Amino acid sequence: MKIYSYPSEDAEKKMTTISSRSLAFKTEEYQSVSRILEDVRKNGDTALIEYVNRFDAPTLHLADLKVSPDEMTRATNHVDGSFLASLNKAIAQIESFHQKQLQTSWISTDRPGTLMGQLVHPVDTAGVYVPGGKGGKTPLVSSVLMSVIPAKIAGVGRIVMVTPPTADGTVNPHLLVAAKKLGVTDIFKIGSAWAIGALAYGTASVPKADVIVGPGNIWVTLAKKIVSGTVGIDMIAGPSEVLVIADESANPAYTAADLLSQAEHDPIASAMMVTTSMETAKKVAAEVSKQMATLDRRDIAKESIENYGAILVVSNLDAGIALANRIAPEHLELHIQDPFDHIGKIRHAGAVFVGNYTPEPVGDYIAGPNHVLPTAGTARYASALSVDHFVKKTSLVYYSQGAFLEDAPHIMRLAEIEGLSAHARSVKVRLKPSQP
């Protein structure tokens, strides 16, 4: 990894390169995805099975598009006890965290003659997209947990899961077992943009969703962007990223391993370190080279580190934290002495991982907080996927006659200022004596 002194012109150029890698879509990609979505909207299941047969499972029939109860049962025979133990622990801890996010309806009667409140209701149907992962060989079980659990806790009545099938028309049993554990029974063997179209518009087979969540490739992400507004979505997620703030107390082997754990995701993933120590910078850079040579995905990690990796050396810890707030990373790790003394200074990050024994992967799988996080600097205004994504809040307003008469002059005055005479009249008419 290349080391830069910050601030400097070279460091600024590198940061610009890294920040400009945020997800961008070409005109032809927009056009292609739009055509797919319109095809699904117009032709429903016929379009779905054509896309599935063309791109994923050539012999799958429409009647088998939905995972059957028998398939769900058989899946349990293809997973081992150690997986089930890990799955159960992850579910328990993720549920416990998200349960604390649940909000309830409330009513206030603070002002005489009025009643104000908020009604909190879950959406009726949530759509969950789960990537297939290398033809079903690397199932993203954590995506099932992180998407379904907050929807369940929110009280969503129907959860519809979509995932691309393997070439033989099956779904990885680990995904099915995870879904079954969470009570999901509506699972469809569809992927990519046509799956998002099915959830957004509904077909004869696939129920229409109110909210669509879950990660995916550029086709999935672009499809979610296009249907946003027709349905709710979680976020437009870009490439993954990690920023580690380290001082002289950091363990170079730990820090390097954490940087590489993000770099192996994708050639355009970003792994950065900000440190107060040039010695630490040199040790971590050497350790990254050493560890990279042993990775299964070393070619991906190497490209990521070369193009979008960097070590920035700053004068002091406050400067490092200020830089982190500027970057607003998806994942922020603190490999520093007394990290809790500095938590209050961090304002912009998707998630913060504190201390030597809290690498980002604990958040990916089992700690409890959601791993669907804002990327590419959007942590400046966005938050992790949560129970809130699956609920809507309705305001409740009641005025007695007395309370109305007290506020009426002010309502009319504000309406008149805005030039909305009909608004003022709807108040004024109520000031006249009631007709018999």
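Residues numbered from 1 in each chain as written. Predicted model: local features only at pLDDT ≥ 70, side-chain atom pairs only at ≥ 80, totals over all residues. Heavy atoms only, no water.

Let's shift gears to the pattern of salt bridges. Counted by the stated rule, this structure contains 15 salt bridges. The residue E12 makes a salt bridge to R326 at a minimum N-O spacing of 2.8 Å. Of this pair, E12 sits in helix α1 (residues 9-19) while R326 sits in helix α12 (residues 317-327), and the two are 314 residues apart along the sequence. Assessed through its relative accessible area of 27%, E12 is described here as partly exposed. (Salt bridge = Lys/Arg side-chain N within 4 Å of Asp/Glu carboxyl O. Helix = DSSP H or I, 4+ residues; strand = E, 2+ residues; numbered from the N terminus. Buried < 20%, exposed > 50% of the residue type's maximum accessible area, 1.4 Å probe, protein only.)

We now examine the sheet that holds strand β7 (residues 211-213). Reading across the sheet, the 5 strands line up as β6-β5-β4-β7-β8 and stay open at both edges, with parallel pairing between neighbours. The two strands at the open ends of the sheet, each matched to only one other strand, are β6 (186-188) and β8 (232-233). Examined bridge by bridge, strand β4 (residues 125-129) and β7 share 3 bridges and lie parallel to one another. The partner of G127 across the bridge, within β7, is I212. (Pairing = 2+ DSSP bridges.)

In this section: helix α6 (residues 173-181). Each full turn of the α-helix corresponds to 3.6 residues, which orients residues three or four apart in the same direction. All of the buried residues in α6 are P173, L175, L176, V177, A178 and A179. Packing partners of the buried residues in α6 comprise α3 (69-75), α4 (81-99), α5 (141-154), β5 (158-162) and β6. Downstream of α6 by a residue or two, G183 has a phi angle that is positive, lying close to 80°. (Contact = heavy atoms within 4.5 Å.)

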